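Structural features, examined
Here is how the chains run, residue by residue.
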Amino acid sequence: GTIQECCDYYGMDSEKIKLLCCPTTMKSYYNSHKDVYNEMSLADFSSKGPIPADKRIKPEVVAPGMRVISMFSDGDTTTNQCGLEPVSDTSHSALMSQQGTSMATPLTAGASALVRDYLENHYAPTFGQKHSTIRGELVKAMIIHSAQPLTGNAIVSGFIEPIDQNYPNNQVGFGVINLNTVLRFPSNSSFDLFTYQEEIQAGGDQRTVKCFVTTTDSPLNMRATLTWYDPEGSTLSKVALMNDLELNVFTGNIEAKE
């Protein structure tokens, strides 16, 4: 049916159904329940770091995972899933509501797929060249680089407290994924983007990467993200971190500060 048909529906469970497809009903409900529907807060069930053994920060990023509505199939080719039924795991509504990693993980995977497609088909470097092969570490770097702060609340030791604004942290990592801040399109982006990837084998090796930035901003607003893959470690190891890479950023010969 159409949006108008949804908004005009007054049958069984009409309010529940309108919350899925009628914009005015959804807006009214969300506005009256801002304590629950706050996109800048962390879900109370969201796991937090650090990793106990070696205190690595987790998570790296967060993504929407609270009462997210998505597609649903009942596995029956004869139902066509056209009924106006409440969302549930057994209904024919063709929609379902889930939360947790069931939604946050596929949203992050989808964002990663968009990043890979962008790098392969749409990336126009301000300088430098496109990559003939897109490595997973580069996709990971783009996802982390896109993260933005969450300014809402989190449950800490059973109490509601403001989210830690020192990033990265063990509540939200580097923040929530926002591809608008990292996928650069010359026609409507106000930032430059430079990517670099290389395989390093030897321990103690160093690489120097130079990029040139032209800006009137003072101070210079530039961010750099370094990522890598660790090989799988032993489950018996107390410290699972295999590689420890450091990123030093210099402007001229002066090391840049945060």
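Above this text you will find the structure in question.
The following refers to the structure shown. Bear in mind that the values here come from a model prediction, so they are computed numbers and not experimental data.

Calculation notes
- Residues numbered from 1 in each chain as written.
- Predicted model: local features only at pLDDT ≥ 70, side-chain atom pairs only at ≥ 80, totals over all residues.
- Heavy atoms only, no water.
- Patch = residues over 30% accessible without salt bridge, like charges linked within 9 Å, V, L, I, M, F, W, Y side chains within 5 Å.
- Areas by Shrake-Rupley, 256 points an atom, 1.4 Å probe, with all protein chains shown as cover.
- Salt bridge = Lys/Arg side-chain N within 4 Å of Asp/Glu carboxyl O.
- Helix = DSSP H or I, 4+ residues; strand = E, 2+ residues; numbered from the N terminus.
- Buried < 20%, exposed > 50% of the residue type's maximum accessible area, 1.4 Å probe, protein only.
- Phe/Tyr/Trp six-rings, centres within 6.5 Å; stacked < 30°, edge-to-face > 60°.
- Pairing = 2+ DSSP bridges.
- Disulfide = S-S within 2.5 Å.
- Core = buried A, V, L, I, M, F, W, Y, C linked by side-chain atoms within 4.5 Å.

**Some points on a nonpolar patch on the surface**
Together, Phe-194, Tyr-196 and Val-209 make up a nonpolar patch on the protein surface, roughly 250 Å² of accessible area in all. Among the secondary structure elements, Phe-194 is positioned in the loop between β4 (159–162) and β5 (250–251). Look at Phe-194 and you get partly exposed, because its relative accessible area is 31%.

**Thoughts on the packing of aromatic side chains**
Counted according to the given criterion, the structure contains two aromatic pairs. Taken together, a centroid distance of 5.9 Å and an interplanar angle of 45 degrees make the contact between Tyr-118 and Tyr-123 tilted. Owing to a relative accessible area of 1%, Tyr-118 belongs among the buried residues under this scheme. One aromatic cluster is present, formed by Tyr-118, Tyr-123 and Phe-185 through successive ring pairs.

**Concerning the pairing of β4**
Pairing geometry for strand β3 (residues 153–156) and β4, over four bridges, is antiparallel. Counterpart to Val-156 in the pairing with β4 is Phe-159. Hairpin connection from β3 to β4: two residues lie between these consecutive antiparallel strands, with Ser-157 at a positive phi of about 55 degrees.

**Concerning the state of the cysteines**
Summed over the entire model, instances satisfying the criterion amount to two disulfides. Sulfur-sulfur distance for the disulfide between Cys-6 and Cys-21 comes to 1.9 Å. Residues Cys-6 and Cys-21 are joined through a disulfide that is right-handed, its torsion about the S-S bond being 80 degrees. With Cys-6 in helix α1 (residues 3–7) and Cys-21 in helix α2 (residues 14–21), this residue pair connects regions lying 15 residues apart in the sequence. Residue classification places Cys-6 among the buried positions, given a relative accessible area of 5%.

**Considerations on the nonpolar core**
Counting 20 residues, the largest nonpolar core has Val-115, Leu-119, Met-142 and Leu-179 as the members making the most contacts within it. Elements that contribute at least two residues to this core include exactly α4 (101–121) and α5 (136–146). Counting residues in hydrophobic clusters, the runner-up holds six residues, among them Val-62, Leu-150, Ile-163 and Val-172.

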